[in-house]
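Architecture and fold: a report
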Amino acid sequence: MTLLELLGYFNYWVFAIVLSVGLYTVIAKVNLVKKLIGLSLFQSAVFLMYITMDKVEGGTAPIFQQGVENPVFSNPLPQVLILTAIVVGVSTLALGLAIVVRIRECYGTIEEHEILDAD
Amino acid sequence: MDLTPHLPALQVVAPLLAAPLVVLLKPRGLAWAGASAVAGLAFCIALAMARAVSAGAVLRYDMGGWSAPYGIELAVGPFSALLLLIITGAGLVAIIAARTSVNRQIDAARQPLFYSAWLLALAGLAGIAVAADAFNIFVFMEISSLASYVLIAGGPDRRALPAVFKYLIMGTLGATFYLIGVGMIYMMTGTLNLADMEARIGEVAHTNPVLVAAGFITIGLALKAAVFPLHVWLPNAYTHAPHMVTVFLAACGTKVAVYVLIRFDFFVFQANLPGHELQSTFFLLPLAVLGILVASAVAMFEGHLKRRLATSSVAQIGYIILGASFATEAGLLASGTHLFNHALAKGGLFLAVACLACHYRDLRIDQLAGAARSMPFTSAAFVVCGLSLIGVPGTAGFISKWLLISAALEQGDFAWVLVAIVLVSSLMAVVYIWRVVETLYFRPAVAQPSSPGEAPLSLLLVTWLVALANIGFGLAPQFPLTLSSAAAQLLLGHTL
């Protein structure tokens, strides 16, 4: 595989890197808010993967227009799917932050090890 | 108007639509009554579908009239019907028994929200079982997960909060892994409908992305299903959740993910990926065996009653995975039956725990000494369900252990090892259940119950109903057996 071919998968490289950075953040950080930031990154990477795969070179939005012969359309389905997944991600993040707020109220800290020590 | 063809959709739509309405039922007790009525309706729908399906039909429903594979399809076969019975049954039984326990544990003002989350969890779990396409399974999985995070964190125990945070992180990681896998399969096949996917994967020239997708899907679902060693979120989440939520989720929460895992393995990948059968066996079988042995051993030394039972759930998930990993009809039959029987046994045990919790604040086992004297009926129900969990003849648990051992005996050279593992872990179950029973019956009391006497009647009646069901399905197991053997045949033998 030549360098150009490797670079051709630029979006997928970004997907893999962002995914790993997110997963690392979730595992390595002890601060609960930072963990959620990592989780959010991790999910965003997947959004990028879906958006990338629907791209057709020279493709436009799938709307029929007058005077355009043989139009090339990008696949709209992954975009719709990922719109749903983004909503799921936002709700998860909101719920996670709400839990962190409750943890702060009950424990007075959002550092994981201090919470473990408290019980 | 005949509603029968619409049952698969109503199964999800009824609780989903009722959930926001229940929030409006502010007067005391009304939210509970409303939610119970809807859960009852959902159970009736599941029962009607199970009857229709056991006659051999697969119910299919095209949402909005758009036919599959372009539209969203719902499909209820024998396997999903069995699962729906478990989900709606657990949801109904737990919510009927829940009233007194929830009144103690959750502020009156927040109860409508609590019951609303309960219905959302029910709708999400049922949705996973009826959905016939991979992406809807993801959406319903997240609906049910988000609702169960709320339910678990809803109690008065502050330790539930870090536990639910961990569950949220691991659950979301699992769901996102699943989403990556589904995306990769969509990339290669251009479809999301499971049946269509099965037909098209065979045509894919480069199977590497599909293999990677299978890996992502397996790991993601194993996280959700608490397959050892991805189970670390489960014991704390179940231990500190409100007691009735534990009953509901322990009976069906993780099983749904196991169901999706089995469905993907056998429906989509099995015939289409070279060597998939061996790969899944060599991946899942060791995890199942380790889970059975390690979790049973850990359960023997857990001092907290709820955590001990929660840890035992990890071992029981191991049995279900073990049966499925044989990839034989007998193994799948054992898996399906154990899904049902474990829900009965563990649901009953956690109901008995909820009864004990009415009078004992501290549920560490040594604090419960002598409880059988003031709560004889609760303790007896605990014994019956415990025997079923161990697998004593005459109880439901015996049927599935028997089937599992018969399936293991077909496994050639290693058969005796597998049988030995099942037997040893059953002995460990004897130890961890019997030490509780011994403490309840034969130890001098340590802590005084907050008030002498039995648990509230409604709770006790439901507990005994489940305990009797454990005996009933042990003596007359035809109904779950019919469904799971139809499911096993469908999973292994179907061709398109």
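Residues numbered from 1 in each chain as written. Chains lettered and ligands numbered in written order. Predicted model: local features only at pLDDT ≥ 70, side-chain atom pairs only at ≥ 80, totals over all residues. Heavy atoms only, no water.

**Observations regarding the pattern of salt bridges**
Taken as a whole, this structure holds eight salt bridges over all chains when the rule is applied. Lys35(A) serves as the salt-bridge partner of Glu112(A), at 3.8 Å between the closest nitrogen and oxygen. Taken together, the residues span a long stretch of sequence, with Glu112(A) in helix 5 (residues 112–118) and Lys35(A) in helix 3 (residues 32–53) at a distance of 77 residues. The exposure class of Lys35(A) is buried, given its relative accessible area of 8%. The shortest N-O distance in the salt bridge between Glu438(B) and Arg443(B) comes to 3.6 Å. Here Glu438(B) falls in the partly exposed class, since its relative accessible area comes to 27%. Taking relative accessible area as the criterion, Arg443(B) reaches 39% and is therefore assigned partly exposed. (Salt bridge = Lys/Arg side-chain N within 4 Å of Asp/Glu carboxyl O. Helix = DSSP H or I, 4+ residues; strand = E, 2+ residues; numbered from the N terminus. Buried < 20%, exposed > 50% of the residue type's maximum accessible area, 1.4 Å probe, protein only.)

**Brief notes about the packing of aromatic side chains**
All names here are of chain B. Summed over the entire model, instances satisfying the criterion amount to 17 aromatic pairs over all chains. For the pair Tyr167 and Trp233, a centre-to-centre distance of 4.1 Å together with 5 degrees between the ring planes defines the contact as stacked. Remark: Trp233 occurs in the loop between helix 8 (208–225) and helix 9 (234–240) and Tyr167 occurs in helix 6 (residues 160–189); sequence separation between them is 66 residues. The same class applies to Tyr167 as to Trp233, namely buried. Taken together, the aromatic side chains of Phe114, Tyr115, Trp118 and Phe248 make up a single cluster linked through ring pairs. (Phe/Tyr/Trp six-rings, centres within 6.5 Å; stacked < 30°, edge-to-face > 60°.)

**Notes on the packing of helix 4 (residues 111–130) of chain B against helix 10 (residues 243–269) of chain B**
Residue and element names in this part refer to chain B. Close contact between helix 4 and helix 10 brings their axes to 10 Å; oriented N to C, the two are set at 20 degrees. By the angle between their axes, helix 4 is roughly parallel relative to helix 10. The handedness of the crossing between helix 4 and helix 10 comes out as left-handed. For the pair formed by helix 4 and helix 10, the contact residues are Phe114, Trp118, Ala121, Leu122, Leu125, Ile128 and Ala129 on the first element and Met244, Val245, Phe248, Cys252, Gly253, Val256, Tyr259, Val260 and Arg263 on the second. Within the contact of helix 4 with helix 10, the residues separate by chemical class into 14 nonpolar, one polar and one charged. (Axes fitted to C-alpha atoms, helices over the stretch in contact; angles between N-to-C directions. Parallel < 35°, antiparallel > 145°, perpendicular 65-115°, else oblique. Left-handed = near helix turned anticlockwise from the far one by under 90°. Contact = heavy atoms within 4.5 Å. Nonpolar A, V, L, I, M, F, W, Y, C, P; charged D, E, K, R; others polar.)

**Quick look at the interface of chain A and chain B**
Reports of interface size often rely on the accessible area that becomes lost once the parts have come together. Opposite the 35 residues of chain A that make contact, chain B presents 28 residues. For the pair chain A and chain B, the summed buried surface comes to about 2900 Å²; carbon and sulfur atoms form 83% of the total. Where chain A touches chain B, the interface holds zero salt bridges. Elements supplying a minimum of two residues to the side of chain A that touches chain B: helix 2 (10–28), helix 3, helix 4 (77–107) and helix 5 of chain A. Taken together, the residues of the side of chain A that touches chain B sort by class into 26 nonpolar, six polar and three charged. (Buried area = accessible area lost by both parts, 1.4 Å probe.)

**A closer look at unusual backbone geometry**
All names here are of chain B. The amide bond that connects Phe228 to the next residue, Pro229, takes the cis arrangement and shows omega of 0 degrees. When you line up the elements, Pro229 lands in the loop between helix 8 and helix 9. Phi at Ala327 takes a positive value of approximately 55 degrees, unusual for a residue other than glycine. Within the secondary structure layout, Ala327 lies in the loop between helix 12 (305–325) and helix 13 (329–359). What makes Ala327 buried here is its relative accessible area of 13%.

**Points about helix 2 of chain A**
Relative to the 27 Å expected for 19 residues at 1.5 Å per residue, helix 2 of chain A spans 27 Å between its end C-alpha atoms, a close match to the ideal helical length. Within helix 2 of chain A, the full set of buried residues consists of Phe15(A), Leu19(A), Gly22(A), Thr25(A) and Val26(A). Along the long axis of helix 2 of chain A, the arc covered by the buried residues comes to 130 degrees, so they all point the same way. Set apart from the buried face of helix 2 of chain A by more than 90 degrees, the exposed residues are Phe10(A), Ile17(A), Tyr24(A) and Ile27(A). The elements touched by buried residues of helix 2 of chain A are helix 3 of chain A together with helix 6 of chain B. (Expected span 1.5 Å × (residues − 1). Arc of directions from axis to C-beta.)

**Points about the confidence of the model for chain B**
Residues and elements named next belong to chain B. Of all residues in chain B, 99% attain a pLDDT of 70 or more, and the chain-wide mean is 88. Within chain B, the lowest mean pLDDT, 83, falls on helix 19 (residues 478–493), and the highest, 93, falls on helix 5 (residues 134–153). For this predicted complex, the interface score ipTM comes out at 0.93, alongside a pTM of 0.92. (pLDDT = per-residue confidence, 0-100.)

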